[in-house]
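Understanding the architecture of this molecule
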Amino acid sequence: MPSGGALARRYRRYGFLNLTATLGAACAAAYFAASYAGGVVEANLRASARETLAVQAEALSGVLDKHRLLAGTLSRRGDVRALFSEPGQQIDRQAAWRIAVQAAGLSSALDVVFFTTDGEPVASGLSLFDDSRLDPSSPLVRAAKFGQLGREAFTFDHGQRAYVFTSGIRGPDTAVVAIVAVFVSLDRLEATWSLSADPIYVVAENGRIFLSNRARWRLRPEPEIIRAGSGALLYETGEGWRAHLDASRFLPLLDWELHVLSGTAPADIARLLWGAITGGLVLLAGLGVQALINRQYVVTLRGRRDRAVSLRLERVVRDRTRALSQSNETLKREVHERRQAEEQLRRTQSELVQTGKLAALGQMSVSLSHEFNQPLAATKSYADNALKYLELGRGKEARDNIRRISELTDRMADISRHLRNFARKPNPTFGNASIAKVIEDAMAVLGARLRETGARVELDMPEGDVRVRGGPVRLQQVFVNLFSNALDAMEGIADPLIEVSVRRRGHRTLVAVHDHGSGIAPEAAASMFDPFFTTKEVGKGMGMGLSISYNIVKDFGGRLTAANHDEGAVFTVELESALEASEAAQ
Ligand code: ADP
């Protein structure tokens with residue numbers, strides 16, 4: 001793969017080559033198109049000029065042919081010859097004039113004039129030649145005298161132009177005695193030429209322009225209006241010298257040359273137009289190719305960039321994957337270690353719970369001995385009394401005392417059962433427990449302390465059997481700890497009261513144990529759930545109660561939280577609700 005710089009250079013080279021080729025092709029195309037279009041238009045112009053030339057040559061010959069015959073015919077007419085039959089005799093000018101008028105009128109000639117062989121006018125039909133005479137040495141007079149048809153382009157002194165045919169009138173001895181001249185006007189023909197936009201002119205035998213639809217050219221020598229240009233001849237148009245194509249024809253009868261010119265402007269315009277259009281199109285095509293080259297460059301560049309990015313990405317992904325699988329391995333190891341640690345912790349915890357319970361039992365042993373001593377003492381005195389009553393024959397009193405002994409025994413059995421339950425290591429699998437029963441059992445465990453302190457427990461709970469997910473024995477342990485702490489906090493307070501409220505909230509059941517004691521000390525707030533944290537004096541507290549309770553509740557998927565309120569502390573046990581007893585039975 002070439003580098004970025006090499007790629008840019010390569011495409012710059014392509015661009016340069018394309019530009020050069022485009023410019024060359026555009027110039028060549030413009031040149032050929034211009035030449036071709038100019039050639040076609042010029043050919044059209046030439047063809048059209050040739051057509052005009054043919055038509056005008058015919059028209060010119062037609063006009064002159066008609067009058068050419070008139071001179072010969074008149075000279076041979078009997079009445080004309082009769083006019084000049086007697087040499088030296090007075091010529092009847094009146095008769096001659098009538099014949100001239102009539103011939104001019106009938107042939108629409110400019111004039112018909114009779115001359116003497118010296119060129120003196122005898123009679124001019126339309127008075128054109130009244131005041132002047134023909135030069136006796138002019139070709140017109142000489143040809144007529146030799147019996148030929150004289151003809152000449154003639155310009156009057158006052159500038160009028162006419163074509164003249166002369167013919168000799170022979171006397172009785174066949175010698176030419178007089179001359180008849182027919183003057184033909186070409187003004188009308190010239191007038192029709194002025195309809196043509198292109199110049200038309202006739203060069204007479206004397207090298208001058210005799211007729212033309214360009215007034216400024218008339219009677220001037222032809223070379224005066226022509227100049228050689230590059231390629232075409234230039235003609236003086238009054239607006240400068242302009243190039244024209246020349247179509248010409250020699251009219252042998254008149255010894256004239258008829259020219260029809262065509263301006264080359266249309267050919268020049270066609271050349272310019274087609275050259276510009278073709279060159280422009282080729283340039284456009286070249287620009288299109290340039291745009292394609294640029295686009296290809298951008299696409300190639302983008303492709304390279306994309307490829308580079310995706311390669312980089314692949315590398316990053318590969319590195320990340322490797323790092324991930326490494327950290328996965330580490331994680332797996334850590335999870336395994338953590339599991340082992342948790343297992344260890346659980347084992348330690350369960351041992352601690354047991355230790356805590358034993359410690360609590362130790363604590364309780366003092367009150368327990370009191371608990372058992374008191375009913376034992378009572379039992380002893382009731383038994384002694386019963387004996388005495390039996391000796392006295394007072395059976396009723398004796399029975400009454402025995403009944404009390406039985407009741408006291410039941411109470412002791414009750415206490416012992418609760419203690420057994422409390423001390424037992426709980427089953428790790430748990431089902432559900434009735435909150436009322438758990439609280440009742442906890443209160444039974446603490447019965448002696450409650451009675452001793454005169455504390456009351458007020459229970460506020462909804463109708464029916466509220467059950468929660470958890471083992472009854474361990475939950476009982478939680479509430480024994482909470483009640484015991486509450487009693488500790490309310491030590492020395494008159495009329496101690498523990499309020500227990502049970503509320504359902506969605507799928508959870510909240511049991512709040514609310515005392516009216518000293519409240520949670522600020523130094524205890526952050527660490528009271530830690531193991532071995534206590535604010536109590538040595539021998540009174542071990543700092544295990546809340547830590548154990550916290551873990552028990554957590555094991556059941558619940559939460560144990562603590563807060564102070566207006567008076568005392570409130571500990572809330574939040575547990576997952578279980579089906580009520582009746583629902584469970586169903
Ligand atoms: P112990 O009761 O052995 O101190 P606990 O873990 O049960 O251990 O309690 C930790 C500490 O939390 C107590 O020392 C006490 O400062 C605080 N505490 C617990 N219950 C209450 C309560 N009801 N009112 C005020 N403080 C309490």
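Since this is a predicted model, take the numbers as computed values, not measurements. (Residues numbered from 1 in each chain as written. Predicted model: local features only at pLDDT ≥ 70, side-chain atom pairs only at ≥ 80, totals over all residues. Heavy atoms only, no water.)

Remarks on the sheet that holds strand E6 (residues 200-203)
The strand order E7-E6-E11-E10-E9-E8 describes an open sheet built from six strands, whose pairing is antiparallel. Where the open sheet ends on each side, the last strands, each with one partner, are strand E7 (209-212) and strand E8 (226-228). Across the sheet, the axes of successive neighbouring strands diverge by a mean angle of 40°, strand direction being ignored. Relative to strand E11 (residues 256-263), strand E10 (residues 241-251) is paired through eight bridges, and the arrangement is antiparallel. The residue bridging Asp246 from the neighbouring strand is Leu261, located in E11. (Pairing = 2+ DSSP bridges. Helix = DSSP H or I, 4+ residues; strand = E, 2+ residues; numbered from the N terminus. Axes fitted to C-alpha atoms, helices over the stretch in contact; angles between N-to-C directions.)

Structural notes on the site of the ligand
Around the ligand, 20 residues are found, and the nearest of them are Asn485, Asp515, Thr534, Thr535 and Lys536. In this structure, a nitrogen atom belonging to the ligand sits 2.8 Å away from a side-chain N or O atom of Asp515. Separating an oxygen atom of the ligand from a backbone N or O atom of Leu546 is a distance of 2.9 Å. Burial of the ligand by the surrounding chains reaches 93%, relative to a free accessible area of 520 Å². Elements with a contribution of two residues or more to the shell around the ligand: helix H10 (472-489), helix H12 (545-555) and strand E18 (569-576). The biggest single contributor to the shell around the ligand is H10, with three residues. (Near = heavy atom within 4 Å. Polar contact = N/O pair within 3.5 Å; in protein donor to acceptor, adjacent residues only side chain to side chain. Areas by Shrake-Rupley, 256 points an atom, 1.4 Å probe, with all protein chains shown as cover.)

A look at the packing of aromatic side chains
Summed over the entire model, instances satisfying the criterion amount to 14 aromatic pairs. Ring centres of Phe84 and Phe114 lie 6.0 Å apart, and the angle between their planes is 50°; this geometry places the pair in the tilted category. With Phe84 in the loop between helix H2 (78-83) and helix H3 (93-107) and Phe114 in strand E1 (residues 111-116), this residue pair connects regions lying 30 residues apart in the sequence. On the basis of relative accessible area, Phe114 is assigned to the buried category, the value being 0%. With a centroid separation of 5.8 Å and 80° between ring planes, the pair formed by Phe154 and Phe183 is classed as edge-to-face. Taken together, the positions of Phe154 in strand E3 (residues 150-155) and Phe183 in strand E5 (residues 176-184) put the pair 29 residues apart, joining distant regions of the chain. Phe183 matches Phe154 in its accessibility class, with the two residues each being buried. An aromatic cluster is present here, built from Tyr163, Phe165, Phe210 and Trp256 joined pairwise through their rings. (Phe/Tyr/Trp six-rings, centres within 6.5 Å; stacked < 30°, edge-to-face > 60°. Buried < 20%, exposed > 50% of the residue type's maximum accessible area, 1.4 Å probe, protein only.)

Describing the pattern of salt bridges
Enumeration over the complete set of coordinates arrives at 31 salt bridges. The closest approach of N and O atoms between Arg469 and Glu576, which form a salt bridge, is 3.8 Å. One end of the pair, Arg469, is in strand E14 (residues 467-469); the other, Glu576, is in strand E18, and 107 residues separate them in sequence. Connected through salt bridges with shared partners, the residues Arg469, Arg508, Arg559, Glu574 and Glu576 form a single ionic network. (Salt bridge = Lys/Arg side-chain N within 4 Å of Asp/Glu carboxyl O.)

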